[in-house]
Amino acid sequence: MADDLAELVRQAQDEDPLRALQATAALRREIERVEAVQVRRARVAGLAWAQIAHAIGVTKQAVHKKYGKR
């Protein structure tokens, strides 16, 4: 996975703006997926929404709204 992310970061710096945008969008999707996995892991480990929110730099309400129903 780390190699895939590194490749997407490299592609996001492509000289061709369309290729760079496509890579940036793919990178954002992958980061969102990884974040969701880590939030689930944190909840299973017993962390509070406030702790998770602090770790990712959002409010408790925002993280709960985004991940609370999953």
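Remember, predicted model here, so these are calculated numbers, not experimental data. Within every chain, residues take consecutive numbers counted from 1 along the sequence as written. Since the coordinates come from a predicted model, pLDDT governs what is reported: local features require at least 70, and pairs of side-chain atoms require 80 or more to be given and counted, while whole-chain, interface and lining totals use all residues. Only hydrogens and water are set aside; all other atoms, that is, all heavy atoms of the structure, feed into the side-chain values.

**Q** Please explain the environment of Asp4 as it appears in this structure.
**A** Looking at where Asp4 falls in the secondary structure, it is placed in helix H1 (residues 2-11). Remark: the alpha-carbon pair of Asp4 and Gln22, spanning 18 residues in sequence, is separated by 14 Å. Only DSSP runs of H or I reaching four residues or more are called helices, and only runs of E reaching two or more are called strands; each is numbered from the N terminus.

**Q** What exactly am I supposed to notice about the confidence of the model for the protein chain here?
**A** Note: predicted coordinates in regions of low pLDDT should not be interpreted at a detailed level. With 99% of its residues at a pLDDT of at least 70, the protein chain reaches an overall mean of 94. Values of pLDDT, the confidence the predictor places in each residue, fall between 0 and 100. Ranking the elements of the protein chain by mean pLDDT puts H1 last with 90 and helix H3 (residues 49-56) first with 98.

**Q** When you look at the packing of H3 against helix H4 (residues 60-67) in this model, what are you seeing that I'm missing?
**A** Viewed as axis vectors pointing N to C, H3 and H4 meet at an angle of 100 degrees, and their least axial separation amounts to 8 Å. By the criterion of interaxial angle, the relationship of H3 to H4 is roughly perpendicular. In this structure, H3 uses Trp49, Ala50, Ile52, Ala53 and Ile56 to contact H4, whose residues at the interface are Lys60, Val63, His64 and Tyr67. Each residue gets one label: Ala, Val, Leu, Ile, Met, Phe, Trp, Tyr, Cys and Pro are nonpolar, Asp, Glu, Lys and Arg are charged, and the others, such as Gly, are polar. Here the contact of H3 with H4 is composed, by residue class, of seven nonpolar, one polar and one charged. Here, axes are lines fitted to C-alpha atoms. For helices the fit covers the stretch in contact, and angles between N-to-C directions go from 0 to 180 degrees. Should an angle fall under 35 degrees it is taken as roughly parallel, and over 145 as roughly antiparallel, whereas 65 to 115 is taken as roughly perpendicular and any remaining angle as oblique. In what follows, a contact means two residues having at least one pair of non-hydrogen atoms within 4.5 Å.

**Q** For this particular structure, what's the right way to read the nonpolar core?
**A** In a soluble, globular protein the nonpolar side chains are often hidden away together inside. Side-chain atoms within 4.5 Å link the members of a nonpolar core, which is a set of buried Ala, Val, Leu, Ile, Met, Phe, Trp, Tyr and Cys residues. When a residue's accessible area, from a 1.4 Å probe over protein chains only, is under 20% of the maximum for its type it is buried; when over 50% it is exposed; and in between it is partly exposed. Among the nonpolar cores identified, the biggest contains eight residues, and these are Ala36, Val39, Ala42, Trp49, Ile52, Ala53, Val63 and Tyr67. Elements represented by at least two residues in this core include exactly helix H2 (17-44), H3 and H4. When residues no more than four places from it in sequence are discounted, the contact partners of Val39 are Trp49, Ile52 and Tyr67.

**Q** Looking at this model, I keep getting lost on the pattern of salt bridges. Mind explaining?
**A** Between side chains of opposite charge, a pair can form as their charged atoms come close. Put simply, a salt bridge is a Lys or Arg side-chain nitrogen that is within 4 Å of an Asp or Glu carboxyl oxygen. Counting across every chain of the model gives six salt bridges. Between Glu7 and Arg10 there is a salt bridge; the shortest N-O distance is 2.5 Å. With Glu7 and Arg10 both in helix H1, this residue pair falls three residues apart, about one helical turn. Between Asp14 and Arg19 there is a salt bridge whose closest N-O contact spans 3.3 Å. Given the relative accessible area of 47%, Arg19 is considered partly exposed. The network of salt bridges with common partners includes Asp14, Asp16 and Arg19.

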